[in-house]
Amino acid sequence: MQLHNKRTYISRIGGQHNKLLTAFVLASFATCLSISTAALADKQAAEKWIAQEFQPSTLSNAQQLTEMEWFIKAAEPFKGMEINVLSEIIATHEYESGTLAKAFTEITGIKLTHKMIPEGDVVRTLEKQMYTGENLFDAYVNDSDLIGTHARYGQVVSLTDYMVGEGKSVTLPTLDLNDFIGLDFTTGMDGKLYQLPDQQFANLYWFRYDWFQRDDIKAKFKKAYGYELGVPVNWSAYEDIADFFTNKIGEIDGTKVYGHMDYGKKDPSLGWRFTDAWLSMAGAGDKGLPNGAPVDEWGIRVEDCHPVGSSVERGGATNGPAAVYSISKYIEWIDKYAPPGSMEMDFGQAGSIPKNGNVAQQMFWYTAFTSSMTEKGLPVVNDDGTPKWRMAPSPHGAYWEEGMKLGYQDAGSWTLLKSTPEARRKAAWLYAQFVVSKTVSLKKTMVGLTPIRESDIQSSAMTDAAPKLGGLVEFYRSPARKQWTPTGNNVPDYPKLAPLWWQNIGDATSGEKTPQEAMDSLAKYQDKVLKKIQKSGIQKVCAPKLAKRKALKGAEYWLAQPGAPKAKLDNEKPKPLTVSYDQLVKSWKEAK
């Protein structure tokens, strides 16, 4: 090749190179500009949501923005992905689904759909994904009642491991696990965290504070029963108060009133009426928090983390005297002191009755009803918006002992499954943290009244709201709240065991069986399920280990041992005890 041709060739190549270089530089600049513009838009979206929606917060605006900027950066690899999560239908999740999911999508670019279905369907969908491996949803909010299930089957991601391993890059530095009040509920037998609390609400005693404060009613009660009308500490006092309002007061301001409210229809909602710690309130289990050990409130005995039975002959307490006492009292009180038709009602029908203004007290009342019970214009709400009612710790039964749990607390918690593809799991984990982050958690608490963070509970916003929440804030700030806990690790397969409760106890509410017969049947079927799990070998960790019948020690042996199952008491109605509500709240404040 001649020199000039060579130079021409080099010149031609150089020109093409310059054009390619120029095009590359322009494309790179456009890409950077696009990324910069997108990041700016995300930040602007975050600023908008912080200003217009995420107030109040325990963080300053600057701290909120810093937290949101972390989400923006962490979400970059997942932008444009369509992520689906599932929860039950309550006010807190409605707020997440309708508002927080939209905010998350605008701020991060991840297209988030938060679907809600009835709680039972959530469990069934989760169970299906666990058994089939098909990724039906990328994350679930399901009750921590399943902690014993999740820790045994090996299908749920250990968050303890995930946050320092695969999920480290998408774990919020300001998550502050120590601020969560329910981590004990979501920790497995191995000490690892399997779920992250999203919402919590307790099951407490509810009563008409205005009636309990009336001098004429107080005087009449003391004359009839010989002690002061107040918050019942035990079931003996609760029963007296129920009798008093139903039969001795009868009518207030022209309205027929009742001293008790409950429901008894044989349907699935009857199950959680009892698994939500009714037996622990009676005193059926052992001492220990968050759950009795070795026997819990389901009556299931565990040895070295292995469930060994629920019937008394196996050392369990499901059909023991305390459990039978709890069912007997439940039926007796509905028959004697509740409004007509209560035994035929389900949970949904019965839940709205107290707001009508004709019920004096209720033993079993979920704090999730707080917002609906504070609506202006209701017979149970004053003209200034403050409630005429209060919530307080539940009274305990004759078999209860100090050191036992005293009631139930629901803890709907984020759960990640191993069957979810890694990228989708990471994106879903970002959303799970977003809706519990300090940036949004206080506002979410004010909307749904289901607190999960200590910082939110102690905030000035909650202090300001307290007068209109009927004791909710006072309860969650008190040391008493630690006695209200969900189902724990003793229950190895919640989806399989839970339905047995309404199916068998429903036979007692319908009159088909006596309480003893119903609980004998329940214990029998629970043990059958435990045996099936044992034989299947599907649970590799802490699986049930039921002894063969010839090796059983028998009911007489176990009833003679300390703790649960407990022998029948000669007197199941000890001296009634009450306490002044105002004095109770004062004692909580002093305890702090």
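Predicted model, so just to flag it, every value in this text is computed and none were measured.

Draft legend 1. Structural context of the packing of helix α12 (residues 321–337) against helix α21 (residues 515–536). Taken N-terminus to C-terminus, the directions of α12 and α21 make an angle of 130 degrees; their axes are 9 Å apart at the nearest point. Put simply, α12 runs oblique to α21. When the axes of α12 and α21 are compared, the crossing they make is right-handed. Across the interface between the two elements, Ala 323, Val 324, Ile 327, Ser 328 and Ile 331 from α12 touch Pro 515, Gln 516 and Met 519 from α21. Along the lines of polarity and charge, the residues of the contact of α12 with α21 split into six nonpolar, two polar and no charged.

Draft legend 2. A look at helix α9 (residues 235–249). With 15 residues, α9 should cover 21 Å at 1.5 Å per step; its first-to-last C-alpha distance of 20 Å lies within 8% of that length. Most of α9 sits inside the fold, with 13 of its 15 residues counted as buried. Directly beyond the C-terminal end of α9, a positive phi value near 75 degrees is found at Gly 250.

Draft legend 3. Representation of the environment of Pro 395 in the model. With respect to the helices and strands, the residue Pro 395 is situated in the loop between β11 (390–392) and β12 (409–415). For the pair Pro 395 and Pro 232, spaced 163 residues apart in sequence, the C-alpha to C-alpha distance is 5.7 Å. Not counting the four nearest positions on each side in its chain, Pro 395 is found in contact with Tyr 205, Pro 232, Val 233, Asn 234, Trp 235, Tyr 238, Met 281, Met 363 and Leu 406.

Draft legend 4. The arrangement of the pattern of salt bridges in detail. Counted according to the given criterion, the structure contains 32 salt bridges. Among the salt bridges present, the one from Glu 332 reaches Lys 329, with a minimum N-O distance of 3.4 Å. With Glu 332 and Lys 329 both in helix α12 and three residues apart, this pair spans about one turn of that helix. Lys 329 gets classed as buried once you look at its relative accessible area, which sits at 15%. Notably, a salt bridge pairs Glu 572 with Lys 568, separated by 3.2 Å at the nearest N-O pair. Residue class for Glu 572 comes out partly exposed when judged on its relative accessible area of 21%. According to the relative accessible area criterion, Lys 568 is exposed, its value standing at 57%. Linked by salt bridges that have partners in common, Glu 239, Asp 240, Lys 329, Glu 332, Lys 336 and Lys 573 make up one network.

Draft legend 5. View of the environment of Ile 89. Following the sequence through the fold, Ile 89 ends up in the loop between β1 (82–87) and α3 (91–108). We classify Ile 89 as partly exposed; its relative accessible area is 43%. Placed 33 residues apart in sequence, Ile 89 and Val 122 show a C-alpha to C-alpha distance of 9.7 Å. If sequence neighbours within four positions are ignored, Ile 89 has contacts with Glu 94, Met 116, Ile 117 and Pro 118.

Draft legend 6. Structural context of the packing of aromatic side chains. Tallied over the full model, the rule gives 45 aromatic pairs. Aromatic side chains Phe 201 and Tyr 366 sit 5.8 Å apart centroid to centroid with 75 degrees between the ring planes, which places their arrangement in the edge-to-face category. Here Tyr 366 lies in strand β10 (residues 361–366) and Phe 201 lies in strand β4 (residues 196–207), a separation of 165 residues in the sequence. Relative accessible area serves as the criterion here: at 7%, Phe 201 is assigned to the buried category. Seen in terms of ring centroids, Trp 206 and Trp 389 are 6.3 Å apart; in terms of plane orientation they differ by 35 degrees. Their pairing is tilted. Remark: Trp 389 occurs in the loop between β10 and β11 and Trp 206 occurs in strand β4; sequence separation between them is 183 residues. Using a relative accessible area of 0% as the deciding quantity, one classes Trp 206 as buried.

Draft legend 7. Structural view of the packing of helix α8 (residues 215–225) against α9. Between α8 and α9, the shortest axis-to-axis distance is 11 Å and the interhelical angle comes to 110 degrees. Of the possible angle classes, the one that applies to α8 and α9 is roughly perpendicular. Crossing of α8 against α9: the hand is right-handed. Contacts between α8 and α9 involve Ile 217, Lys 220, Phe 221, Ala 224 and Tyr 225 from the first element and Asp 240, Ile 241, Asp 243, Phe 244, Phe 245, Lys 248 and Ile 249 from the second.

Draft legend 8. Broad picture of the pairing of β1. As judged from the six bridges shared by β1 and strand β2 (residues 111–116), these two strands associate in the parallel manner. Each bridged residue has a counterpart across the sheet, and for Ser 87 the counterpart in β2 is Met 116. Note that the unit made of β1, α3 and β2 has a crossover that is right-handed. Where β1 meets strand β3 (residues 139–143), two bridges bridge the pair, whose relative direction is parallel. Note that in β3 the partner of Val 85 across the bridge is Ala 139.

Draft legend 9. Up close: the state of the cysteines. Tallied over the full model, the rule gives one disulfide. In this model Cys 305 forms its disulfide with Cys 542; the gap between the sulfur atoms is 2.1 Å. Judged by the sign of its S-S torsion, about -95 degrees, the cystine formed by Cys 305 and Cys 542 is left-handed. Taken as a pair, Cys 305 in the loop between β8 (301–303) and β9 (306–309) and Cys 542 in the loop between α21 and α22 (555–559) lie far apart in primary sequence, 237 residues in all.

Draft legend 10. Structural detail: the confidence of the model for the protein chain. Confidence in the prediction for the protein chain averages 92 pLDDT; 93% of positions are at 70 or higher. Low pLDDT (under 50) marks residues 1–37, which in the prediction has one contact with non-local residues, meaning those over four places away or in another chain.

Draft legend 11. Focus on the side chain of His 150. Note that His 150 resides in helix α5 (residues 147–153). Look at His 150 and you get buried, because its relative accessible area is 2%. Not counting chain neighbours up to four residues away, the residues in contact with His 150 comprise Leu 126, Met 130, Asn 142, Val 156, Tyr 194, Gln 195 and Thr 415.

Draft legend 12. Up close: the environment of Tyr 476. With respect to the element layout, Tyr 476 can be found in helix α18 (residues 472–477). Classification of Tyr 476 by relative accessible area gives buried; the value is 1%. Note: C-alpha distance between Tyr 476 and Pro 451 (25 residues apart in sequence) is 8.3 Å. Polar side-chain contacts of Tyr 476 include one of 2.9 Å to the side chain of Gln 409.

Draft legend 13. Representation of α8 within the structure. Within the span of α8, buried status applies to Ile 217, Phe 221 and Tyr 225. Along α8, the residues classed as buried sweep out an arc of 40 degrees about the axis, all on the same side. When the buried face of α8 is taken as reference, the exposed residues oriented beyond 90 degrees from it are Asp 215 and Lys 223. Against the buried residues of α8 lie α7 (209–213), α9 and β6 (251–252). Within two residues after α8, Gly 226 carries a phi angle of roughly 85 degrees, on the positive side.

About the criteria used
Residues numbered from 1 in each chain as written. Predicted model: local features only at pLDDT ≥ 70, side-chain atom pairs only at ≥ 80, totals over all residues. Heavy atoms only, no water. Axes fitted to C-alpha atoms, helices over the stretch in contact; angles between N-to-C directions. Helix = DSSP H or I, 4+ residues; strand = E, 2+ residues; numbered from the N terminus. Parallel < 35°, antiparallel > 145°, perpendicular 65-115°, else oblique. Left-handed = near helix turned anticlockwise from the far one by under 90°. Contact = heavy atoms within 4.5 Å. Nonpolar A, V, L, I, M, F, W, Y, C, P; charged D, E, K, R; others polar. Expected span 1.5 Å × (residues − 1). Buried < 20%, exposed > 50% of the residue type's maximum accessible area, 1.4 Å probe, protein only. Salt bridge = Lys/Arg side-chain N within 4 Å of Asp/Glu carboxyl O. Phe/Tyr/Trp six-rings, centres within 6.5 Å; stacked < 30°, edge-to-face > 60°. Pairing = 2+ DSSP bridges. Right-handed = clockwise from strand over helix to strand, strands pointing away. Disulfide = S-S within 2.5 Å. pLDDT = per-residue confidence, 0-100. Polar contact = N/O pair within 3.5 Å; in protein donor to acceptor, adjacent residues only side chain to side chain. Arc of directions from axis to C-beta.

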